[in-house]
Amino acid sequence: NIIGFVLDENNKVRDGNYRPTLKSKAIAVRVVRYPRWFADDPEGGVEGARLQRLPYITYGGCEASGDIFVEYPGGEAGYVPSPWTHYRGLGVDNHYLWVFGSGGLACATHASVIRCRKKETDRPRWMEHYPNDLLYSQSYREHEKDVRGARPELKGLLDLSPCDDGTIVAAIAQRTAIPLNLIWTIVDDRQPPLYTATYRTDLKAQKIDVAWKKLPQSTAGVVVQKMPVACWSMLESLQESLAATAAANK
């Protein structure tokens, strides 16, 4: 189950009696406050699927399931399908719900998710990305067919943290193949390196392009959290103002 707590006027935490029940064990809980939308989102439009009326959306990840729990004020709690039969975790920022598994990630706008929950669409408009160059070494790609014996489950994308400043951070264990006693064997990173990335989405084409950059070699981990860079909100508002000015001057 998910349990919610609130901070009262005396800065004390109390049980808010928020206890939605999921269909299976919760593997992730994410909440976005005052979700935002894009005017050019095919699933949102100028009203953003009425997101302007929502103070929050709660998302819950379900173990051994492809469904994602969604609850928001004024709507019926329930599920939307992820892109896959199961996944590893969730992430949120102001505009997107993110889901990731060992082999890749996907995101959909909050407006798209809410429309799906309202049964206006069958599924969110997921934009998927598979960082195969980071997941598999050149050696593995060349000698995958030569590997003998059991193949362990891919560690791959261990954790993902999207951020409101338009970047993401991930811990990714790369799989390689090495010859041991003349037998090619699978080896996964024991100290997974961390990567940061910028991304660009095309909502109408339903595509996402991600530009990854590996953090310094000494940086490793399995859980990540990305905080916004300083002054990102000022930069974002400046970009929006310039875009509006350019559109008005056409």
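As shown above, the structure is provided for reference.
Reading the values: the criteria
- Residues numbered from 1 in each chain as written.
- Predicted model: local features only at pLDDT ≥ 70, side-chain atom pairs only at ≥ 80, totals over all residues.
- Heavy atoms only, no water.
- Buried < 20%, exposed > 50% of the residue type's maximum accessible area, 1.4 Å probe, protein only.
- Helix = DSSP H or I, 4+ residues; strand = E, 2+ residues; numbered from the N terminus.
- Pairing = 2+ DSSP bridges.
- Axes fitted to C-alpha atoms, helices over the stretch in contact; angles between N-to-C directions.
- Contact = heavy atoms within 4.5 Å.

Judged by how many residues are buried, helix α1 (residues 110-117) sits mostly within the fold: seven of eight residues are covered. For α1, the complete set of buried residues consists of His110, Ala111, Ser112, Val113, Ile114, Cys116 and Arg117. The positive-phi residue at the C-terminal boundary of α1 is Lys119, with phi of around 65 degrees.

With that settled, consider unusual backbone geometry. Where the residue is not glycine, phi is negative for most of them; where a peptide bond is considered, it is trans in most cases. Of note, Asn11 is a non-glycine position whose phi angle comes to about 60 degrees, a positive value. Along the chain, Asn11 turns up in the loop between β1 (4-7) and β2 (13-18). In the Ramachandran plot, Asn181 falls in the positive-phi region, its phi being about 55 degrees despite a non-glycine side chain. The topology assignment puts Asn181 in the loop between β13 (175-180) and β14 (183-188).

A few words on the sheet that holds strand β7 (residues 89-92). In spatial order, the strands read β7-β8-β9-β10; together these four strands make up an open sheet with antiparallel pairing. Two strands lie at the open edges of the sheet, namely β7 and β10 (127-129), each paired on one side alone. Along the sheet, successive strands turn relative to each other by an average axial angle of 20 degrees, direction set aside. Where strand β9 (residues 104-109) meets β10, three bridges bridge the pair, whose relative direction is antiparallel. When the sheet's bridge partners are listed, Leu105 is paired in β10 with His129.

Taken in spatial order, the four strands line up as β3-β4-β5-β6 in an open sheet, and their pairing is antiparallel. Bordering the open sheet on either side are β3 (26-33) and β6 (78-81), each of which pairs with just one other strand. Each adjacent strand pair in this sheet contributes to an overall mean axis angle of 30 degrees, direction not counted. Where α1 meets the sheet, its contacts fall on β3, β4 (56-62), β5 (67-71) and β6, and the angle it forms with β6 comes to roughly 120 degrees.

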